[in-house]
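Take a look at the letters that make up each chain.
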Amino acid sequence: IPRLEPERLTTKLGIQLAIDDDDRIIIDARSQDEYNGKQSIASRMGHIPGAINIPWNDNFTNGETYSKLKSKEELLKVYGNIDPNKKIYLYCNKGKQSSLSYMVMRQLGFDAAHYDGSWYEWCNDELLPIEQKQTK
């Protein structure tokens, strides 16, 4: 029987509170160009303030004909700079791509939650802050 685990989901308010909380990490699972504000499928470009970028496709190894999920050892390296003692919030554009990263991080033992509203909800609320990475 399916059951909801509220600690595995977060909302726009949860993300707002996490921005200034040193015990929480926000991960943007979109592409580096989306994170940096060079492209967007939504009305504004950039990322949630304080978020770090670990693109969802970093979870895969690309073969000649197909991609496959990296080994546990390789995935631990992908997320090696993330403090396992902190609460993790993941988002992407609309919640699809970051759900993969969420599942991977949960399997690796991280205390992760998914922001299903993701960038699409966040950036379309003009009252919420965004950041753009300054690139040369």
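The structure we're discussing is the one just above.
Predicted model only: the values in this text are computed from it and were never measured.

Colleague: Mind laying out the environment of Pro 49, listing which residues take part and the relevant values?
Modeller: Within the secondary structure, Pro 49 is located in the loop between helix 2 (32-36) and strand 3 (52-53). For the pair Pro 49 and Pro 129, spaced 80 residues apart in sequence, the C-alpha separation works out to 6.8 Å. Here Pro 49 is in contact with Ile 19, Ile 26, Trp 122, Pro 129, Ile 130 and Glu 131, once residues within four sequence places are set aside.

Colleague: Which residues make up the pairing of strand 6 (residues 87-91), and what are the values?
Modeller: Counting buried positions along strand 6 gives 5 out of 5 residues, so the element sits mostly inside the fold. Burial along strand 6 is two-sided: Lys 87, Tyr 89 and Tyr 91 facing one way and Ile 88 and Leu 90 facing the other are all buried. Of the strand pairs in this sheet, strand 2 (residues 24-28) and strand 6 are connected by 5 bridges, and their pairing is parallel. Considered in strand 6, the bridge of Asp 28 is made with Tyr 91. Pairing geometry for strand 6 and strand 7 (residues 111-115), over 4 bridges, is parallel. Counterpart to Ile 88 in the pairing with strand 7 is Ala 112. Traced from strand 6 through helix 4 (residues 97-107) to strand 7, the parallel crossover comes out right-handed.

Colleague: Explain the sheet that holds strand 7 to me, and be specific about the residues and the numbers.
Modeller: Pairing is parallel across the open sheet formed by 5 strands, whose spatial order is 1-7-6-2-3. The open sheet has two free edges, formed respectively by strand 1 (9-10) and strand 3, since each of these has just one partner strand. Packing of helix 1 (residues 12-19) onto the sheet brings it into contact with strand 1, strand 2, strand 6 and strand 7, and relative to strand 2 it is tilted by some 115 degrees. Of the strands in this sheet, strand 2, strand 6 and strand 7 touch helix 4, which is tilted by about 165 degrees from strand 7.

Colleague: For the pattern of salt bridges, give the residues involved together with the corresponding values.
Modeller: By the definition in use, this model includes 7 salt bridges. Glu 5 serves as the salt-bridge partner of Arg 8, at 4.0 Å between the closest nitrogen and oxygen. A residue is classified by how much of its surface remains accessible, and Glu 5, at 28% relative accessible area, is partly exposed. Residue Asp 21 pairs with Arg 24 through a salt bridge whose shortest N-O separation is 3.1 Å. The class for Asp 21 is partly exposed, based on a relative accessible area of 25%.

Colleague: Can you explain the packing of aromatic side chains? Please cite residues and give values.
Modeller: For the structure shown, the criterion picks out 2 aromatic pairs. With 5.9 Å between their ring centres and 85 degrees between their planes, Trp 56 and Phe 60 make a pair best called edge-to-face. For Phe 60, a relative accessible area of 23% translates into the label partly exposed. A cation over a ring is seen here: Arg 30 above Trp 119, with NZ or CZ 4.6 Å from the ring centre. Over the ring of Tyr 120 we find Lys 94, and its NZ or CZ is 4.9 Å from the ring centre.

Parameters and conventions
Each chain has its residues counted from 1, following the order in which its sequence is written. Reporting of local features is limited, given that this is a predicted model, to residues whose pLDDT is at least 70; pairs of side-chain atoms are given and counted only at 80 or more, and all residues count toward the totals for whole chains, interfaces and linings. The basis for every side-chain value is the complete set of heavy atoms in the structure, and neither hydrogens nor water enter the calculation. Labels follow the DSSP assignment, with helices taken as runs of H or I lasting at least four residues and strands as runs of E lasting at least two, numbered in each case from the N terminus. Whether two residues are in contact is decided by their heavy atoms, any of which lying within 4.5 Å being enough. Working definition: with a 1.4 Å probe on protein chains only, accessible area under 20% of the residue-type maximum means buried, over 50% means exposed, and in between means partly exposed. Any two strands between which DSSP finds at least two bridges are classified as paired. By convention, a crossover is right-handed whenever its connection, traced from the first strand over the helix to the second and viewed with the strands pointing away, goes clockwise. A fitted line through C-alpha atoms serves as each axis, taken over the contacting stretch for helices, and the angle formed by two N-to-C directions is quoted from 0 to 180°. For this document, the term salt bridge refers to a Lys or Arg side-chain nitrogen within 4 Å of an Asp or Glu carboxyl oxygen. Only the six-membered ring of Trp is used, alongside the rings of Phe and Tyr, when aromatic pairs are assigned; centres must lie within 6.5 Å, and planes under 30 degrees apart are stacked while those over 60 apart are edge-to-face, with the rest tilted. Think of it as a cone above the ring: NZ of Lys or CZ of Arg counts as a charge over the ring if it is within 6 Å of the ring centre and within 35 degrees of the ring normal.

The quantities given are spatial measurements derived from coordinates; they are silent on function.
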